[in-house]
Amino acid sequence: MAEKPDEVVTWENAAPGVVVVTMARPPANALGVALLDGLHSAMDAAEKAGDVKVMIVTSALPGFFAAGADIKHLDTIDAASFTEYGDKMRSVNDRLAAAPWISIAAVDGLALGGGLELAMAATLRVSGRNGRFGLPEVKIGLIPGAGGTQRLPRLVGRGRALDIMLTARQVPADEAFRIGLVDRLTDGDVLPAALDFAGQMAGASLPAQLAVVRTVDAAFDQPFVDGAEYEVAQEQSLFEDGEAAEGITAFVEKRPPRFA
Ligand SMILES: CCCCCCCCCCCCC/C=C/C(=O)SCCNC(=O)CCNC(=O)[C@H](O)C(C)(C)COP(=O)(O)OP(=O)(O)OC[C@H]1O[C@@H](n2cnc3c(N)ncnc32)[C@H](O)[C@@H]1OP(=O)(O)O
């Protein structure tokens, strides 16, 4: 039966001005359409509430923040739904990045591919010791096409970003903190740490919200490569040279891909 957005994404008021949005789509929080719609619904609710100063995005699944684009969904993809799915992934990230509130990604598991791209669209990132971060798209013939090629270099520098993207390796939490991919690292549970961080920015006596939002905008005011360029690369990879088609099929068949 088709999932419903409010089944895989929930949100709660955790403190004055602070909401917690939780992803819960077993087994790995693969970013299926319902989960992406659920994230949009959470942002709709926050906009409607009008008093959200900080949004924490986290996972209910031990060991996983989000494992990336839903590869199984994509194994049956056609060109029309390819474009629609890619646009939906980017729309969630770009909306979160431009939201009139601070966002914190609270990670204590695998944040891979689109999952890390979602975390990087947040203003800030808090990780527990189990946080592991990667953009392994090249392993299945893709590019990090939901903002990763733009946001990772801005966070860690071009060289480190290419190291991470071209090796498809997973970056452990302590290294992620050291290179600036993670802003706070906690030995304890990640949600209390994120709530404490949020409280330092959302307290009633703290900076005016508009000043905060303008500060964030100014800090990130570096134009991205046009999103359409991602689309071209993904389409070429999937429908012309077939690299992504082989990578996706290999993943679903649980075998190593055979690239030419
Ligand atoms: C993705 C293709 C895109 C094509 C075109 C897209 C449209 C346009 C582009 C838009 C922008 C795209 C940019 C982003 C792309 C991506 O995010 S690509 C995907 C990146 N992520 C990955 O490559 C991670 C893949 N998963 C793994 O490497 C491993 O599963 C793991 C996360 C490291 C966990 O390994 P392990 O603990 O050994 O458990 P597994 O048995 O492998 O997995 C547990 C179950 O979870 C399922 N699963 C895991 N990841 C995904 C996923 N990304 N999509 C769907 N399902 C996933 C896995 O299949 C297992 O399920 P079951 O077999 O049913 O138990």
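Residues numbered from 1 in each chain as written. Predicted model: local features only at pLDDT ≥ 70, side-chain atom pairs only at ≥ 80, totals over all residues. Heavy atoms only, no water.

Regarding unusual backbone geometry
No. 1: In this model, Pro26 is joined to Pro27 through a cis peptide bond whose omega is 5°.
No. 2: Looking at where Pro27 falls in the secondary structure, it is placed in the loop between strand E2 (18-23) and strand E3 (30-31).
No. 3: Although it is not a glycine, Asn29 sits at a positive phi angle of roughly 55°.
No. 4: Of note, Asn29 is situated in the loop between E2 and E3.
No. 5: Accessibility expressed as a relative area gives 0% for Asn29, which makes it buried. (Helix = DSSP H or I, 4+ residues; strand = E, 2+ residues; numbered from the N terminus. Buried < 20%, exposed > 50% of the residue type's maximum accessible area, 1.4 Å probe, protein only.)

Some thoughts on the sheet that holds strand E4 (residues 54-59)
By definition, the strands of a sheet pair up through backbone hydrogen bonds, in either a parallel or an antiparallel sense.
No. 1: The strand order across the open sheet formed by 6 strands is E1-E2-E4-E7-E9-E12, and the pairing between neighbours is mixed. Two strands bound the open sheet, and with one partner strand each, they are strand E1 (9-15) and strand E12 (184-186). For this sheet, the mean angle separating the axes of adjacent strands, direction not counted, is 20°.
No. 2: As paired elements, E2 and E4 share 6 bridges and run parallel to each other. Counterpart to Thr22 in the pairing with E4 is Thr58.
No. 3: Helix-sheet contacts for helix H5 (residues 114-121) involve E2, E4, strand E7 (102-107) and strand E9 (124-128), and the interaxial angle to E7 is about 140°. (Pairing = 2+ DSSP bridges. Axes fitted to C-alpha atoms, helices over the stretch in contact; angles between N-to-C directions. Contact = heavy atoms within 4.5 Å.)

Notes on the sheet that holds strand E11 (residues 171-172)
No. 1: The sheet built from 4 strands is open, its strands ordered E5-E8-E10-E11 with mixed pairing. Each edge of the sheet is formed by a strand with only one pairing partner; in this case those strands are strand E5 (63-66) and E11.
No. 2: The pairing of strand E8 (residues 109-112) with strand E10 (residues 132-134) spans 3 bridges and is parallel. Its bridge partner lying in E10, Leu112 is registered against Gly134.
No. 3: Strands in contact with H5 are E5, E8 and E10; relative to E8, the strand with the most contacts, it is inclined by about 90°.

Considerations on the site of the ligand
No. 1: Looking at the ligand, there are 31 residues lining it, with Ala67, Ala69, Lys72, Gly114 and Lys254 nearest.
No. 2: With respect to the ligand, the backbone of Ala67 contributes an N or O atom lying 2.8 Å from a nitrogen atom.
No. 3: Protein coverage of the free-state accessible area of the ligand, which is 1200 Å², stands at 76%.
No. 4: Sorting the residues of the shell around the ligand by element identifies strand E6 (68-69), helix H3 (71-74), helix H4 (79-97), E8, H5 and helix H12 (243-252) as the ones contributing at least two each.
No. 5: With 4 residues, the top contributor of residues to the shell around the ligand is H4. (Near = heavy atom within 4 Å. Polar contact = N/O pair within 3.5 Å; in protein donor to acceptor, adjacent residues only side chain to side chain. Areas by Shrake-Rupley, 256 points an atom, 1.4 Å probe, with all protein chains shown as cover.)

A short note on the packing of aromatic side chains
No. 1: Inspection of the entire model under this criterion finds 0 aromatic pairs.
No. 2: Here the guanidinium or amino end of Arg184 rests over the ring plane of Phe197, the centre of that ring lying 3.8 Å away. (Phe/Tyr/Trp six-rings, centres within 6.5 Å; stacked < 30°, edge-to-face > 60°. Lys NZ or Arg CZ within 6 Å of the ring centre and 35° of its normal.)

Considering the environment of Ile71
No. 1: Mapped onto the elements of the fold, Ile71 is located in helix H3.
No. 2: Note on Ile71: relative accessible area 15%, which makes it buried.
No. 3: Taking the C-alpha atoms as reference points, Ile71 and Phe251, 180 residues apart in sequence, are found 7.6 Å from one another.
No. 4: Once residues lying within four places of it in the same chain are set aside, the contact partners of Ile71 are Ile140, Ile248, Phe251 and Val252.

A short note on the domain arrangement of the protein chain
How big an interface is tends to be reported as the loss of accessible area on association of its parts.
No. 1: Domain annotation for the protein chain reports domain 1 (5-201) and domain 2 (206-252).
No. 2: Each of domain 1 and domain 2 has a C-alpha centre, and these two points are 12 Å apart.
No. 3: Domain 1 puts 31 residues into the contact, and the matching count from domain 2 is 26 residues.
No. 4: Summing the contributions of domain 1 and of domain 2, the shared interface buries around 2500 Å²; its carbon and sulfur component is 65%.
No. 5: In terms of surface lost to domain 2, no three residues of domain 1 exceed Phe82, Gln150 and Arg154, which account for 22% of the buried area on that side.
No. 6: At the junction of domain 1 and domain 2, the tally comes to 0 salt bridges.
No. 7: The interface formed by domain 1 and domain 2 contains 0 residue pairs in polar contact (both at pLDDT 80 or more). (Domains from an automatic or database assignment. Buried area = accessible area lost by both parts, 1.4 Å probe. Salt bridge = Lys/Arg side-chain N within 4 Å of Asp/Glu carboxyl O.)

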